[in-house]
Amino acid sequence: MTRDRVGGEKQLLREFLDQQLEVIVWKLDELTDDQLRQPLTPSGMCLLALVKHVAGVPYYWLCEVFGQPFEAWPGAETDDVELDPNDTTDSVLAYYAGARAASDRAIGELDLDTTGTTWLGDTVSFRWAILHTIEEAARHAGHADLMRERLDNTTGHLPGKNLPY
């Protein structure tokens, strides 16, 4: 997928966020349900739970904080990285896709200087919230990369590229 490297601030922020969110879902390609649920860390985290957690990030920071529509899912907006008994691969991926679509709509509709209030009562700009969401997505994309490598030795930085940058 080709990404824009020139453009306005909002466009470039959207590109960076979309790229990191795409990397995370790409790390699931061709894995079985058992592999997606396999605990890969000492705390028992699995790739599918990580994806569920990451979906809660844009839903909270780009939607809920700014009064935009979002889909609440118990546990997804917390720091808990775990699956609920009723979570399926399809339901988690649908939730993730919904979060990506909702955050994209919010970015299209809101001005970067719009402010919102977090659950702690902090005032943040939409610009800050996008940057924070990129930061979170990139951090978790790194986790997903390491987890995928542990499952089947597959590595890579971006879909379709085997470059280190």
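See the structure shown above.
Here the residue index of a chain counts from 1 through its sequence in written order. Totals for whole chains, interfaces and linings use every residue, but because this is a predicted model, local features are given only for residues with pLDDT of at least 70 and side-chain atom pairs only at 80 or more, for both listing and counting. To get the side-chain values, all heavy atoms of the structure are used, and hydrogens and water are removed first.

A. A look at the overall build of the protein. Looking only at helices and strands, one finds five helices and two strands in the protein. When the helices and strands of the protein are placed in sequence order, the string is α-α-α-α-β-β-α. Using a 1.4 Å probe on the protein chains alone, a residue whose accessible area is under 20% of its type maximum counts as buried, one over 50% counts as exposed, and one in between counts as partly exposed. Every one of the 165 residues in the protein was classed for burial, and the buried ones make up 43%. Contacts between residues were defined by any pair of non-hydrogen atoms, one from each residue, lying within 4.5 Å. A separation of at least 24 residues holds for 69% of the contacts in the protein among residues at least 6 apart in sequence. Within the structure as shown, the protein displays about 9,000 Å² of accessible surface, and the carbon and sulfur contribution to it stands at 51%. A run of H or I in DSSP becomes a helix once it reaches four residues, and a run of E becomes a strand once it reaches two; helices and strands are each numbered from the N terminus. Per-residue and other accessible areas were derived by the Shrake-Rupley procedure at a 1.4 Å probe size, with only the shown protein chains allowed to occlude residues.

B. Highlighting the side chain of Thr-133. Mapped onto the secondary structure, Thr-133 falls in helix H5 (residues 126-152). Nitrogen and oxygen atoms within 3.5 Å of one another constitute a polar contact, given that in protein one can donate a hydrogen and the other can accept it, and given that sequence-neighbouring residues count only through two side-chain atoms. A distance of 2.7 Å separates the side chain of Thr-133 from the backbone oxygen of Ala-129, its partner in a polar contact. Those residues within four positions of Thr-133 in sequence are excluded, and the remaining contacts are Leu-17, Val-57, Pro-58, Trp-61 and Leu-62.

C. Layout of the environment of Gln-35. Mapped onto the fold, Gln-35 is located in helix H2 (residues 33-37). Note: C-alpha distance between Gln-35 and Asp-152 (117 residues apart in sequence) is 9.3 Å. Excluding residues that lie within four positions of it along the chain, Gln-35 makes contacts with Glu-30 and Leu-151.

D. Molecular detail of the nonpolar core. Put simply, a nonpolar core is a bunch of buried Ala, Val, Leu, Ile, Met, Phe, Trp, Tyr and Cys residues held in one set by side-chain atoms that sit within 4.5 Å of each other. Counting residues in hydrophobic clusters, the biggest one holds 47 residues, and the most contacted among them are Leu-47, Phe-126 and Ile-130. For this core, the elements supplying multiple residues, two or more each, are helix H1 (9-26), helix H3 (47-63), helix H4 (89-109) and H5. Considering each element in turn, this core owes the most residues, 13 residues, to H3. With residues up to four places along the chain from it excluded, the contact list for Phe-126 reads Leu-62, Phe-66, Ala-106, Ile-107, Leu-110, Asp-111, Leu-112 and Thr-114.

E. Structural view of the packing of H3 against H4. Where H3 contacts H4, the two axes come as close as 9 Å, and the packing angle between them is 25°. Taken together, H3 and H4 sit at an angle that is classed as roughly parallel. The handedness of the crossing between H3 and H4 is left-handed. Where H3 approaches H4, its residues Leu-48, Val-51, Lys-52, Val-54, Ala-55, Gly-56, Pro-58, Tyr-59, Leu-62 and Cys-63 are matched on the opposing element by Thr-89, Val-92, Leu-93, Tyr-95, Tyr-96, Gly-98, Ala-99, Ala-102, Ser-103, Ala-106 and Ile-107. Charged means Asp, Glu, Lys or Arg here, nonpolar means Ala, Val, Leu, Ile, Met, Phe, Trp, Tyr, Cys or Pro, and polar covers whatever is left, Gly included. For the contact of H3 with H4, the class distribution of residues is 16 nonpolar, four polar and one charged. Here, axes are lines fitted to C-alpha atoms. For helices the fit covers the stretch in contact, and angles between N-to-C directions go from 0 to 180 degrees. Angle categories are assigned with fixed cut-offs, so that under 35 degrees is roughly parallel, over 145 is roughly antiparallel, 65 to 115 is roughly perpendicular, and the rest are oblique. Left-handed describes a crossing whose near helix is turned anticlockwise from the far helix through less than a right angle; right-handed describes the clockwise counterpart.

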